[in-house]
Amino acid sequence: MNVSEPQHKMLTSSSELLLFGGAASGGKSWALCLDPLRHVQGAHATPDARCALFRKTHPQLMQAGGLFDTTTKIYTPLGAKFNHTRSEWTFPSGAKIGLNTLQHEK
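If you're wondering where the values come from, they're calculated on a predicted model, not measured in any experiment.

What counts, and where the lines are drawn
Residues numbered from 1 in each chain as written. Predicted model: local features only at pLDDT ≥ 70, side-chain atom pairs only at ≥ 80, totals over all residues. Heavy atoms only, no water. Core = buried A, V, L, I, M, F, W, Y, C linked by side-chain atoms within 4.5 Å. Buried < 20%, exposed > 50% of the residue type's maximum accessible area, 1.4 Å probe, protein only. Helix = DSSP H or I, 4+ residues; strand = E, 2+ residues; numbered from the N terminus. Contact = heavy atoms within 4.5 Å. Salt bridge = Lys/Arg side-chain N within 4 Å of Asp/Glu carboxyl O. Pairing = 2+ DSSP bridges.

### Details of the nonpolar core
- Grouped together as the largest cluster of nonpolar side chains are 18 residues, with contacts concentrated most on Tyr-75, Trp-89, Phe-91 and Leu-99.
- Put simply, the parts of the chain that give this core at least two residues each are helix H2 (28–34), helix H3 (37–40), helix H5 (67–75) and strand E4 (96–101).
- With four residues, H5 is the single largest residue contributor to this core.
- Beyond its immediate chain neighbours, meaning those up to four positions away, Tyr-75 contacts Cys-33, Pro-36, Leu-37, Leu-53, Ala-80, Trp-89, Phe-91 and Ile-97.

Structure representation (structure tokens):
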């Protein structure tokens, strides 16, 4: 996978908190989906690893070109299976990445 320079900086950062902004189509979602792979895929996979990716609303997750489409392109070739009931990807290692919403402050 080819990544842009800003994506590369994000993915190789050792920071605990990282802000990555910009206009639409800047690669933020792609990088967000790639980042947890270091914990769920390959030699350093942790079977009990859990990750959550958020969007404000469910339509933002599932609309054409949304986070579900992005994760499908990245995770399916890695052998991950999507559970629509739980809105969660499970990888061959046993690790999971959930797609969640955070619409309300409570």
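### Description of the pattern of salt bridges
- Under the defined criterion, the tally for this structure stands at three salt bridges.
- For Glu-88, the salt bridge identified is with Arg-86, shortest N-O distance 3.1 Å.
- On the accessibility criterion, Glu-88 (12% relative accessible area) is buried.
- Each of Arg-86, Glu-88 and Lys-96 takes part in a single network of salt bridges with overlapping partners.

### Considerations on the pairing of E4
- With six bridges joining them, strand E1 (residues 50–55) and E4 adopt parallel strand pairing. By the bridge assignment, Cys-51 is partnered in E4 with Ile-97.
- Direction of pairing for strand E3 (residues 88–90) relative to E4: antiparallel, over a ladder of three bridges. Across the sheet, Thr-90 pairs through a bridge with Lys-96, a residue of E4.
- Count of turn residues in the E3/E4 antiparallel hairpin: five residues, of which Gly-94 carries a positive phi of about 100°.

These figures come from the coordinates and say nothing about function on their own.
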